[in-house]
Amino acid sequence: MTAEEVIEQIKALPPEGKAAVVGFIHEMEREGEPSAEIRYMDNKTFREAKERVFAKHSELLSRLAK
């Protein structure tokens with residue numbers, strides 16, 4: 001089956017079926033290669049990541065700051 005045939009079959013689906021296909025595609029994107037979509041980190045996650053990086057690499061960061 002070609003991509004065009006799959007697309008035509010998706011177009012023929014009722015709204016619930018189309019929503020299921022979209023959900024499946026989004027799940028594949030999360031599990032596979034990163035998409036080109038820009039993603040943002042919430043402040044709490046950023047602070048936690050920053051603390052881990054600074055704790056692990058504090059000596060290097062201190063030297064770089066000089």
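What you see is a predicted model; the values in this text were computed from it and never measured.

Chemist: Hey, could you run me through the confidence of the model for the chain in this one?
Modeler: Low-pLDDT stretches of the model should not have their predicted coordinates read in fine detail. In this model, the chain carries a mean pLDDT of 86, and residues with pLDDT of at least 70 account for 94%. Looking at the elements of the chain, mean pLDDT is at its lowest for helix α4 (residues 58–65), recorded as 84, and at its highest for helix α1 (residues 3–11), recorded as 91.

Chemist: How should I be thinking about the pattern of salt bridges in this particular structure?
Modeler: Once their charged atoms are close, side chains differing in charge can pair, the charge on each being opposite to the other. One pass over the structure, following the stated rule, counts 4 salt bridges. Across the pair Lys50 and Glu51 runs a salt bridge, and its minimum N-O distance is 3.7 Å. Judged by its relative accessible area of 33%, Lys50 is partly exposed. The closest approach of N and O atoms between Arg63 and Glu59, which form a salt bridge, is 2.7 Å. Of the two residues, Arg63 and Glu59 both sit in helix α4, 4 residues apart, roughly one turn of that helix. The pair Arg63 / Glu59 is uniform in exposure class, with both members exposed.

Reading guide: rules and limits
- Residues numbered from 1 in each chain as written.
- Predicted model: local features only at pLDDT ≥ 70, side-chain atom pairs only at ≥ 80, totals over all residues.
- Heavy atoms only, no water.
- pLDDT = per-residue confidence, 0-100.
- Helix = DSSP H or I, 4+ residues; strand = E, 2+ residues; numbered from the N terminus.
- Salt bridge = Lys/Arg side-chain N within 4 Å of Asp/Glu carboxyl O.
- Buried < 20%, exposed > 50% of the residue type's maximum accessible area, 1.4 Å probe, protein only.

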